[in-house]
Amino acid sequence: MAKIKKASESLTIMTNIVLPNETNSLRNLFGGELLAKMDRCASISAARHCERRVVTASVNHVSFNHPIPEGGVVVLESKVSRAFSTSMEVYVDVWSDDPINQKKIHTNSGIYTFVAVDEFNRPIPIPDMVPETEEEKERYAAAFRRKELSLILSGRMKPLESVELKKLFQEPQEPTKDKK
Ligand SMILES: CCCCCCCCCCCCCCCC(=O)SCCNC(=O)CCNC(=O)[C@H](O)C(C)(C)COP(=O)(O)OP(=O)(O)OC[C@H]1O[C@@H](n2cnc3c(N)ncnc32)[C@H](O)[C@@H]1OP(=O)(O)O
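Residues numbered from 1 in each chain as written. Predicted model: local features only at pLDDT ≥ 70, side-chain atom pairs only at ≥ 80, totals over all residues. Heavy atoms only, no water.

1. A short note on the site of the ligand
To keep it simple, the criterion reads: Nearness is defined per residue: one heavy atom within 4 Å of the molecule or strand is enough. In the analysis that follows, any N or O atom pair within 3.5 Å is treated as a polar contact, provided that within protein one partner can donate a hydrogen and the other can accept it, and provided that, for residues neighboring in sequence, both atoms belong to side chains. In this description, accessible areas are obtained by the Shrake-Rupley approach with a 1.4 Å probe, and a residue is regarded as covered only by the protein chains that are shown. Strands are runs of DSSP state E lasting at least two residues, helices are runs of H or I lasting at least four, and both sets are numbered from the N terminus onward. Under this grouping Gly is polar, as are all residues other than the nonpolar Ala, Val, Leu, Ile, Met, Phe, Trp, Tyr, Cys and Pro and the charged Asp, Glu, Lys and Arg.
Contacts to the ligand come from 22 residues, most closely from Ser85, Thr86, Ser87, Lys147 and Ser150. In the environment of the ligand, an oxygen atom lies 2.9 Å from a nitrogen or oxygen atom belonging to the backbone of serine 85. Between an oxygen atom of the ligand and a side-chain N or O atom of lysine 147, the distance comes to 2.8 Å. Taking 1,300 Å² as the accessible area of the ligand by itself, protein coverage stands at 55%. Only helix H1 (31-50), strand E3 (53-64), strand E6 (103-117) and helix H2 (134-153) provide two or more residues apiece to the shell around the ligand. Among the elements that take part in the shell around the ligand, E3 stands out by supplying five residues, more than any other. Tallied by class, the residues present in the shell around the ligand amount to nine nonpolar, nine polar and four charged.

Next up, the structure:
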């Protein structure tokens, strides 16, 4: 597919209030509720990028760094971080926003993989993606390693078949000295 899209074209922002039925016994947003919100937000980014139906293939990483309290405002922001052949990585950032005290803290991030599918649920090619900002470039550069790790963890790739991931564990080679 020849089309190339910018990361920013898939930007999706969702803003919600945390309601009592979404909280845990500590009256903070329940982790599973947050995961569902992140999946929804990320799936819209993926569909915006490929203009096709998408399915979640894997949730590669989620961090829970700060709780989000009941009554608080939760803001989710997602963008495609790299497009492969039929799959794409989507990065989701989450903030807890307190509009009264004007405090916004980054509480979570998550990395999802989506696959574009046809009407028979078969994977189909997607447009390429070009990163523009420094953050987009950093996330793009590391995405191939994360894809390999996800494929290894799901049993779809043998560790020795990886290319980028394997490089992380290889000792740097001493430059060979010229023999006289
Ligand atoms: C027109 C637009 C309107 C928009 C309008 C509004 C938008 C609104 C959007 C709402 C969107 C709803 C979003 C629902 C989101 C769910 O909730 S979906 C439900 C949960 N997910 C599922 O049920 C998926 C079940 N799994 C499957 O169907 C198949 O395993 C898959 C994912 C399609 C893959 O099929 P497969 O035959 O194994 O295909 P395969 O060729 O091996 O792999 C395809 C690609 O996936 C990659 N892949 C597969 N598994 C993994 C993994 N674990 N890790 C990393 N990569 C993987 C492969 O590496 C390959 O990548 P490429 O190198 O081609 O890029």
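2. Some details on the layout of surface pockets
Stated precisely, the cut-off is as follows: Points on a 1 Å grid over protein atoms alone make up a cavity when a 1.4 Å probe fits among them but cannot get out, and a pocket when they form an open set with protein on both sides within 12 Å along at least five of seven lines; lining residues each have an atom within 4 Å of a point. Grid points are joined across faces, edges and corners, and a volume is the space filled by probe spheres set on the points.
One number sums up the size of the largest pocket: a volume of about 320 Å³. Lining the largest pocket are 13 residues, with Ala57, Thr113, Val115, Leu151 and Arg156 positioned closest to its centre. At three residues, the largest contribution of residues to the lining of the largest pocket is made by H2. Class assignment for the residues of the lining of the largest pocket results in four nonpolar, seven polar and two charged. Estimated volume of the second largest pocket: approximately 170 Å³.

3. Remarks on the sheet that holds E3
Our working definition: Whether two strands pair comes down to DSSP finding at least two bridges between them. The axes used here are C-alpha line fits, helices contributing only the stretch in contact, and every angle between their N-to-C directions lies in the interval 0 to 180 degrees. What makes two residues a contact is simply this: any of their non-hydrogen atoms within 4.5 Å.
The five strands lie next to each other as E2-E4-E5-E6-E3, forming an open sheet whose pairing is antiparallel. Strand pairing shows two members of the sheet lacking a second neighbour, strand E2 (12-17) and E3, which therefore form its edges. Strand-to-strand twist of the sheet, defined as the mean angle between neighbouring strand axes without regard to direction, takes the value 25°. Bridging between E2 and strand E4 (residues 73-83) involves six bridges; their strand directions are antiparallel. Directly across from isoleucine 17, in E4, lies its bridge partner valine 73. Across the sheet, H1 lies against E2, E3, E4, strand E5 (87-98) and E6, angled at about 45° from E4, the strand it touches most.

4. Here we look at the environment of aspartate 97
Within the element layout of this structure, aspartate 97 appears in strand E5. Taking the C-alpha atoms as reference, aspartate 97 lies 9.6 Å from isoleucine 17; in sequence the two are 80 residues apart.

5. Points about the pattern of salt bridges
Spelled out, the test is: Only one rule defines a salt bridge in this text: a Lys or Arg side-chain nitrogen within 4 Å of an Asp or Glu carboxyl oxygen.
Taken as a whole and judged by the stated rule, the model has 10 salt bridges. Across the pair glutamate 70 and arginine 27 runs a salt bridge, and its minimum N-O distance is 3.2 Å. Of this pair, glutamate 70 sits in the loop between E3 and E4 while arginine 27 is found in the loop between E2 and H1, placing the two residues 43 residues apart along the sequence. For arginine 139, the salt bridge is made with aspartate 93, and the minimal N-O distance between the two is 3.0 Å. Of the two residues, arginine 139 is situated in helix H2 and aspartate 93 in strand E5; the sequence distance between them amounts to 46 residues.

6. Considerations on the nonpolar core
Put simply, the test is: Think of a nonpolar core as a cluster: buried Ala, Val, Leu, Ile, Met, Phe, Trp, Tyr and Cys residues, connected wherever their side-chain atoms sit within 4.5 Å. Think of it in three bands: residues with accessible area under 20% of the maximum for their type are buried, residues over 50% are exposed, and the middle band is partly exposed, with areas taken using a 1.4 Å probe on protein chains only.
If you look at the biggest cluster of nonpolar residues, it comprises 25 residues, and the most contacted ones within it are Val74, Leu76, Met88 and Val94. Among the elements of the structure, H1, E4, E5 and E6 are those that each provide at least two residues to this core.

7. Looking at unusual backbone geometry
For arginine 27, which is not glycine, the phi torsion reads 65° and is therefore positive. On the basis of relative accessibility, which here comes to 53%, the residue arginine 27 falls in the exposed class.

8. Section: the environment of aspartate 39
The residue aspartate 39 is located in helix H1 in this model. Judged by its relative accessible area of 27%, aspartate 39 falls in the partly exposed class. Spatially, the C-alpha atoms of aspartate 39 and valine 59 are 8.6 Å apart, while their sequence positions differ by 20 residues. If near-sequence neighbours (up to four positions away) are discounted, aspartate 39 is found in contact with Thr56, Tyr112 and Phe114.

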